[in-house]
Amino acid sequence: LAKTTQPISMDSYEGQEVNITCSHNNIATNDYITWYQQFPSQGPRFIIQGYKTKVTNEVASLFIPADRKSSTLSLPRVSLSDTAVYYCLVEDTSGTYKYIFGTGTRLKVLA
Amino acid sequence: DAGVTQSPTHLIKTRGQQVTLRCSPISGHKSVSWYQQVLGQGPQFIFQYYEKEERGRGNFPDRFSARQFPNYSSELNVNALLLGDSALYLCASSVDRAYEQYFGPGTRLTVT
C-alpha cells in the first residue's frame, strides 16, 4: 500500500522559487504522480502530473528521480496568491485500485 | 465549458439518517471519483467509477455506496450516518483513470 508524506508547512517570500517534496514509497513503475492546490472551502485544483523524470507546464515543474520514491513540485517566483495547501496524489495499483493523497503542505507566501 | 458541479452545497442531517450526494462531471469525462475531506486533513479516496462500473474503492465501510448513470453523472449514498461522517465530500471527473482529475466545489455535510 502506497503511503505519502509531505512537510506540514513552508513559508516563502514573493518572487522566490518554492520546492515542495512528497515522499511516496511503494508506487508502481507506471503509476502517475499528480499535484494539486487547494484554497479554503474549495475543491483541489490540478497543477501538474507526471510519472518519470521532469515535466514542466506554464505554472510549475515536477521532478521525479529514477527511484520514484519521491517527487518535487517547483513553483517559480511565487506570489501572495499562491498561499494555499499543496497536495501530492499518487495512484496505488497494488490490490484494489486507489488514489492516495499526501498529508498536504501549507504554503504561506509573505510580502 | 462548465466544470464539475455538485449538489447540494450544504446539508445537515441527523445521526442515523441516510444522505445522497450528486455530481455532474465535465462534458466528455467518463470517470468520476468521490473523496471525503475532514476539516484540516487531506482528501480520502472513497470510490472511482468509469463507464458505470466501479474501478476503485478506498477503505470506507459498506455504509458508503455509489453509482454512475449512463450520462456519467454519479451519486454517493451514505447510510446510518455517524457524527464522524461530517466532512466536505468532493467529486472529481477525468477523461479516464490515469488522467488528471478536475474537482467540484464539494458538498459540506454536517451530521448532528
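A brief report on the enclosed structure follows. (Residues numbered from 1 in each chain as written. Chains lettered and ligands numbered in written order. Predicted model: local features only at pLDDT ≥ 70, side-chain atom pairs only at ≥ 80, totals over all residues. Heavy atoms only, no water.)

Right, let's get into the overall build of chain A. From N to C terminus, chain A includes zero helices and 11 strands. Going from the N terminus to the C terminus, chain A shows its helices and strands as β-β-β-β-β-β-β-β-β-β-β. Burial analysis of chain A (111 residues in total) assigns 49% to the buried set. Taking the intrachain contacts of chain A between residues at least 6 apart in sequence as the baseline, contacts between residues at least 24 apart amount to 56%. (Helix = DSSP H or I, 4+ residues; strand = E, 2+ residues; numbered from the N terminus. Buried < 20%, exposed > 50% of the residue type's maximum accessible area, 1.4 Å probe, protein only. Contact = heavy atoms within 4.5 Å.)

It is worth spelling out the interface of chain B and chain A at this point. The partner chain A presents 16 residues to the 22 residues of chain B that form the contact. Of the roughly 1600 Å² buried between chain B and chain A, counting both surfaces, carbon and sulfur atoms make up 56%. For the interface between chain B and chain A, the tally reads six residue pairs in polar contact (both at pLDDT 80 or more). Secondary structure elements with two or more residues in the side of chain B that touches chain A: strand E4 (31-37), strand E5 (44-50) and strand E6 (53-57) of chain B. Of the residues belonging to the side of chain B that touches chain A, the class tally is eight nonpolar, 10 polar and four charged. (Buried area = accessible area lost by both parts, 1.4 Å probe. Polar contact = N/O pair within 3.5 Å; in protein donor to acceptor, adjacent residues only side chain to side chain. Nonpolar A, V, L, I, M, F, W, Y, C, P; charged D, E, K, R; others polar.)

A separate point is unusual backbone geometry. The omega torsion of the bond from Ser7(B) to Pro8(B) falls at -10 degrees, within 30 degrees of zero and hence cis. Positive phi, close to 50 degrees, is recorded for Arg77(A), a residue that is not glycine. Positionally, Arg77(A) belongs in the loop between strand E8 (70-75) and strand E9 (84-92). By relative accessible area, which is 64% here, Arg77(A) ends up exposed. Even without being glycine, Glu51(B) reaches a positive phi, approximately 50 degrees. Along the chain, Glu51(B) falls in the loop between E5 and E6.

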